[in-house]
Amino acid sequence: MQKIVFIGRAPRYSPHCVEKDAAILAAVRSRLEQDGYSCGEVIAEEQLTVLPEGDAYVSMGRGDRALGLLYAERHVPVVNSAESVMWAAARRSMMRQLEREGIAVPPHRGNDGYWVKRGNGTAESEADVVYVPTMQGVEDAVRTMRQRGLRPEVRAHVVGDLVKCYAVRGTAFFRYYYPGDDGQWKFGSEEHNGKPQHTPFDLAALQAMLDRAAGIVGLDVYGGDCIIQPDGKPVLVDLNDWPSFSRCREEAAEAITKRIKQLLERE
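Remember, predicted model here, so these are calculated numbers, not experimental data.

(A) Region of the structure containing the overall build of the protein. Of the regular secondary structure elements, the protein holds 8 helices and 12 strands. Over its C-alpha atoms the protein spans a radius of gyration of 18 Å, differing by no more than 12% from the 18 Å that the globule rule assigns to 267 residues. Summarising the internal contacts of the protein: among those between residues at least 6 apart in sequence, 67% fall at separations of at least 24. Carbon and sulfur atoms make up 48% of the accessible area of the protein, which amounts to about 12,200 Å² in all. Distance from the positive charge centre (34 side chains) to the negative charge centre (38 side chains) of the protein: 4 Å.

(B) Structural view of the pattern of salt bridges. Enumeration over the complete set of coordinates arrives at 21 salt bridges. Of the charged contacts in the structure, one is a salt bridge between arginine 148 and aspartate 128, with a shortest N-O distance of 2.8 Å. Of this pair, arginine 148 sits in the loop between helix 5 (135-147) and strand 8 (152-156) while aspartate 128 is found in the loop between strand 6 (114-118) and strand 7 (129-132), placing the two residues 20 residues apart along the sequence. By relative accessible area, which is 39% here, arginine 148 ends up partly exposed. Overall, aspartate 128 belongs to the buried group, its relative accessible area being 1%. Residues arginine 169 and aspartate 220 are paired through a salt bridge, measuring 3.5 Å at the closest nitrogen-oxygen approach. Pair noted here: arginine 169 is in the loop between strand 9 (161-168) and strand 10 (174-177) and aspartate 220 is in the loop between helix 7 (203-217) and strand 11 (221-228), with a separation of 51 residues, a long-range link. In this structure arginine 169 comes out as partly exposed when scored by relative accessible area, which is 27%. Taken together, the shared-partner salt bridges in this structure form one network comprising Arg9, Asp21, Arg62 and Asp241.

(C) Inspection of the environment of tyrosine 37 at higher detail. As for its placement among the helices and strands, tyrosine 37 is situated in the loop between helix 1 (18-34) and strand 2 (38-39). Sequence separation between tyrosine 37 and valine 130 is 93 residues; the distance between their C-alpha atoms is 43 Å. Beyond its immediate chain neighbours, meaning those up to four positions away, tyrosine 37 contacts Met1, Gln2, Ile4, Leu32, Lys261 and Leu264.

(D) Seen up close, the packing of helix 4 (residues 91-100) against helix 7. The interhelical angle for the contact between helix 4 and helix 7, taken along N-to-C directions, is 120°, at an axis separation of 11 Å. Compared by their axis directions, helix 4 and helix 7 come out oblique. The hand of the helix 4/helix 7 crossing is right-handed. Between helix 4 and helix 7, the residues in contact are Met94, Gln97 and Leu98 and Ala213, Ile216 and Val217, respectively. Residue composition of the contact of helix 4 with helix 7, by class: 5 nonpolar, 1 polar and no charged.

(E) Highlighting the sheet that holds strand 6. If you trace the 3 strands from one edge of the open sheet to the other, you get 7-6-8, paired in antiparallel fashion. The sheet is open, and its two borders are formed by strand 7 and strand 8, each paired with just one other strand. For this sheet, the mean angle separating the axes of adjacent strands, direction not counted, is 20°. On the sheet, helix 4 packs against strand 6 and strand 8 and is oriented at approximately 40° with respect to strand 8.

(F) The arrangement of the packing of helix 3 (residues 82-89) against helix 4 in detail. For the pair helix 3 and helix 4, interaxial distance at closest approach is 5 Å and the crossing angle is 90°. The orientation of helix 3 relative to helix 4 falls into the category roughly perpendicular. Contacts between helix 3 and helix 4 involve Trp87, Ala88 and Ala89 from the first element and Arg91, Ser93, Met94 and Gln97 from the second. In terms of residue class, the contact of helix 3 with helix 4 is made up of 4 nonpolar, 2 polar and 1 charged.

(G) A look at the pairing of strand 1 (residues 3-8). Of all 6 residues in strand 1, 5 are buried, a share of seventy percent or more. Relative to strand 2, strand 1 is paired through 2 bridges, and the arrangement is parallel. Considered in strand 2, the bridge of lysine 3 is made with serine 38. Bridge analysis of strand 1 against strand 4 (residues 56-59) gives 4 bridges, and the strand direction is parallel. Of the residues in strand 4, the one forming a bridge with phenylalanine 6 is valine 58.

(H) Structural detail: the environment of tryptophan 87. Note that tryptophan 87 resides in helix 3. Sequence separation between tryptophan 87 and glutamate 53 is 34 residues; the distance between their C-alpha atoms is 25 Å. Aside from chain neighbours lying at most four places away, what touches tryptophan 87 is Ser93, Met94, Gln97, Ile216 and Val217.

(I) Summary view of unusual backbone geometry. The omega angle of the peptide bond from valine 79 to asparagine 80 is -10°, so this bond is cis rather than trans. On the secondary structure map, asparagine 80 appears in the loop between strand 5 (78-79) and helix 3. Look at histidine 16: it is not a glycine, yet its phi comes out positive at around 65°. Look at histidine 198: it is not a glycine, yet its phi comes out positive at around 55°. Note that histidine 198 resides in the loop between helix 6 (179-182) and helix 7.

Cut-offs used in this document
- Residues numbered from 1 in each chain as written.
- Predicted model: local features only at pLDDT ≥ 70, side-chain atom pairs only at ≥ 80, totals over all residues.
- Heavy atoms only, no water.
- Helix = DSSP H or I, 4+ residues; strand = E, 2+ residues; numbered from the N terminus.
- Rg over C-alpha atoms; globule rule 2.2 N^0.38 Å.
- Contact = heavy atoms within 4.5 Å.
- Areas by Shrake-Rupley, 256 points an atom, 1.4 Å probe, with all protein chains shown as cover.
- Lys, Arg positive; Asp, Glu negative; His and termini not counted.
- Charge placed at Lys NZ, Arg CZ, Asp CG, Glu CD.
- Salt bridge = Lys/Arg side-chain N within 4 Å of Asp/Glu carboxyl O.
- Buried < 20%, exposed > 50% of the residue type's maximum accessible area, 1.4 Å probe, protein only.
- Axes fitted to C-alpha atoms, helices over the stretch in contact; angles between N-to-C directions.
- Parallel < 35°, antiparallel > 145°, perpendicular 65-115°, else oblique.
- Left-handed = near helix turned anticlockwise from the far one by under 90°.
- Nonpolar A, V, L, I, M, F, W, Y, C, P; charged D, E, K, R; others polar.
- Pairing = 2+ DSSP bridges.

Purely geometric stuff here, so don't read any function into it on its own.
Below is the structure:
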């Protein structure tokens, strides 16, 4: 019987989403157990000192210790891989790489305000994602982040409909939602995009953009924040490793389970 080790995400990396993150991991674990895999209890990443032996690792961890241990596991599947999670967390570098690869991302200059975001590490609080309307505001926000030991990333605000996208590599699973419709915000700063106009767009093009970006980073389980501009063209604002999938948990769990099995069968 193949053994799968599960690692949970520390609360500091799950702002306002602790229960939601735990729920998607539990849903995947339950399905794999039902399919005959050996799945122990979920290990909290902050309690991880050594990795138990396993045929695969399913991890939502983002801390240095968990990622360091998983990075050394090259001989078995890791979902998501430590390399891809570290790459996604290095937002400043990641966005520049995606831009070089031809992915549409927000420009550095614009006329509708700016976003100053934590460029090293995932956002842990409202202070890590700041909207400012002027360049003077940018300078102040950048200075504040640097005083906190962070490397800020500045991008222009893109006008349009904000959509939250969710996907799993190697499967047909892809969903998108307008947070402006259901009011499910992480920090509330998304409200700067205003009420969605539901501008028509090419769904296949949106999915292809997100899938290509995730492929560049190496993520198997991923989500993205995108803006549908008034002309219908999508812009990728953020790419995230393993979101909570709270809007589509059961469907996502099925797809993630399928992906883990695919990787195990390749071994």
